[in-house]
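Here is how the chains run, residue by residue.
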Amino acid sequence: MINFPPALSEFLPDIQQSSPTPRMLRLLTSNEAPSDTEMEQFQALITQSSSSARLLAEKISVTKDLLEFLVKQRKQAKSNRADAKLILHPMRRLPYDVLETIFTYTSGFDALGDSLNTKYAPWTLSHVCRQWRFTALSIANLWSTLDISLSKAPSRYRLQLCLERSKERPLDVCLTFRRSQLETQGSLLDVLYPSSPRWVELRLEVPIDCLRDMESRVYLPKLKKATIVQRPTEDVSAIIARSSLFSTSIHLKSLNAAVNFPFFRFTFYGQKITYFRSMHDRLLDHLYALQHMPNLREAVLHCHPSMRALSYPRTVTMKKLRTLQIFEAHDMATGATRAADLFDFLELPALKRLTLDLLASARFPQIRPAPTTLTNLTVVIASLPPTAAATDALVAFLQTVPNVKRFVLRCDTVPADLVRSLTANLSSSYESSRPAVTPLLPHLEEIFFQGLPAGLSHSTTVLLVALALSRRRNEAQGCANLQMMGLDARMVLCDNDLMLEAWKRLREDGLHVPCSHMHRGCN
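Rules of the game
- Throughout, residues of each chain are indexed from 1 in the direction in which the sequence is written.
- Since the coordinates come from a predicted model, pLDDT governs what is reported: local features require at least 70, and pairs of side-chain atoms require 80 or more to be given and counted, while whole-chain, interface and lining totals use all residues.
- Only hydrogens and water are set aside when side-chain values are computed; all heavy atoms of the structure are taken into account.
- Numbering of helices and strands runs from the N terminus, with a helix taken as a DSSP run of H or I at least four residues long and a strand as a DSSP run of E at least two residues long.
- Burial classes: relative accessible area under 20% of the type maximum marks a residue as buried, over 50% as exposed, and values in between as partly exposed (1.4 Å probe, protein chains only).
- Two aromatic rings, drawn from Phe, Tyr or Trp (for Trp, its six-membered ring), form a pair once their centres lie within 6.5 Å of each other, and the interplanar angle then sorts them: stacked below 30 degrees, edge-to-face above 60, tilted otherwise.
- Counted as over-ring charges are cases with an Arg CZ or a Lys NZ within 6 Å of the ring centre that also lie within 35 degrees of the ring normal.

(A) Layout of unusual backbone geometry. In this structure, the amide linkage connecting Ala 121 to the following residue, Pro 122, adopts the cis form with an omega of 5°. In this fold, Pro 122 is placed in the loop between helix H3 (96-106) and helix H4 (130-138). Phi is positive for Lys 167, which is not a glycine, with a value near 55°. Turning to its location among the elements, Lys 167 is positioned in the loop between helix H5 (156-165) and strand S2 (171-176). With a phi close to 50°, Leu 441 is a non-glycine residue in the positive phi region. If you trace the backbone, Leu 441 turns up in the loop between helix H12 (416-422) and strand S16 (446-450). Looking at Leu 441, the relative accessible area reads 1%, which means it is buried.

(B) Summary view of the packing of aromatic side chains. With the rule as written, the count across this model stands at four aromatic pairs. Ring centres 5.1 Å apart and planes at 80° place the aromatic pair Trp 123 and Trp 143 in the edge-to-face group. You can see Trp 123 sitting in the loop between H3 and H4 and its partner Trp 143 sitting in the loop between H4 and strand S1 (145-149), a full 20 residues away along the chain. The residues Trp 123 and Trp 143 share a single accessibility class, namely buried. Judged by centre distance (5.5 Å) and plane angle (15°), the ring pair of Phe 364 and Phe 397 falls under stacked. With a gap of 33 residues between them, Phe 364 in the loop between strand S13 (353-358) and strand S14 (376-381) and Phe 397 in helix H11 (residues 388-399) connect regions that are remote in the sequence. Here Phe 397 falls in the buried class, since its relative accessible area comes to 2%. Cation over ring: Arg 165 sits above Trp 143, and NZ or CZ is 4.7 Å from the ring centre.

So, to be careful, I would describe these as geometric facts and stop short of saying anything about function.
So, in structure tokens, the structure goes:
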């Protein structure tokens, strides 16, 4: 018998149906005829059960309706709870300035080349609710970044909306198109170009010969950052006209010329430029550009041997240049490299950070005057020749930069003579005795070896351990205490127990040994 809660008693029948008696079960399992009295009882049972079945059917129907009602009530209760939580969500109480910060941060991440597409922010932010729309439309900075590619068939109407909603805020503009797209989408430029006095950042990936048309239609007095990108398939060999596109940009601070186009053909105001990057690889072009940027602080240059600047009339002094990156190109005809030639015509009295990305060249630059300020040096050599002359050239170059504190060498091998030259005099089982000499880079605090192949010899690992030990224990010889030694994990996680123990002692002694390509802990 099932016991129901008293609250459900009104839904139960007045008489509960009993189970079959043993007599009924015996009659059901045989062909025995019931007695006259039993027949009367069974006839009464049929009548009573029929009536009970009708009553139970009515109660079942009512109970189903009640169950459906209760289920709906439970669903509504959950919905009410969710609605109340939604109304009490902290997002509704965010101050305007916090909401503005969030909107500004999320806007412009996805709309690469398509900032007029309503599928991306800030358009989507303005479609959420009335409050968000009001907030989005009132933040002019949300609409001040225009990344437009004519290949995406941008909307002229939405461009007008962006210009209106940005009010008088400075604009960051990225414009990409091909000459063939001007016929169908060129009218968009009629809307964009009149806003050019507000442009502070500009990135152009357009045909070089289209700059001539732009310079007559745009005026860039507030421009601070400019980038020009040449399409890979574009031939600019026949373009000889000068461009005055940046002639009015007296506030220009950053210039990125990713074009194979002589930069001296641009007329620009370089007094305030502090960052310059040029993909054009002629030394003469670099010298001309640097000469017109006296306040330059960082430069990234590509050098090619096709035109040596031996006839350049003067030495260019960069009094404020702090960071210089040089990438050496390769002459397919002669195999020569000329990155060092650029330094023959430069004076860099304030240089602090230098990156040299060289090919298999045995000639390193001679920095003038002696770089007493240079403390951060990175040397990348695609393929260091396994010759004594190549190693001697690198060692001789390092001797000219004694104040370097951070040295990164990326190549496919570790010259043993270089490691010995960096190692202070150390008497131990790791290194044979040698005369006490002042090692290379005596002020070195951080050194990194990168790009090394697998299968380094045991002797190379021994040399590196000796280098680390000598720099940690020989402060009396005038060497700075080595703080960090970046290595490939294969050089530290070796199979030699003695070397593993040596690295362990060095780390316990305070040497930081960050490892690349690690599969197990290294530090």
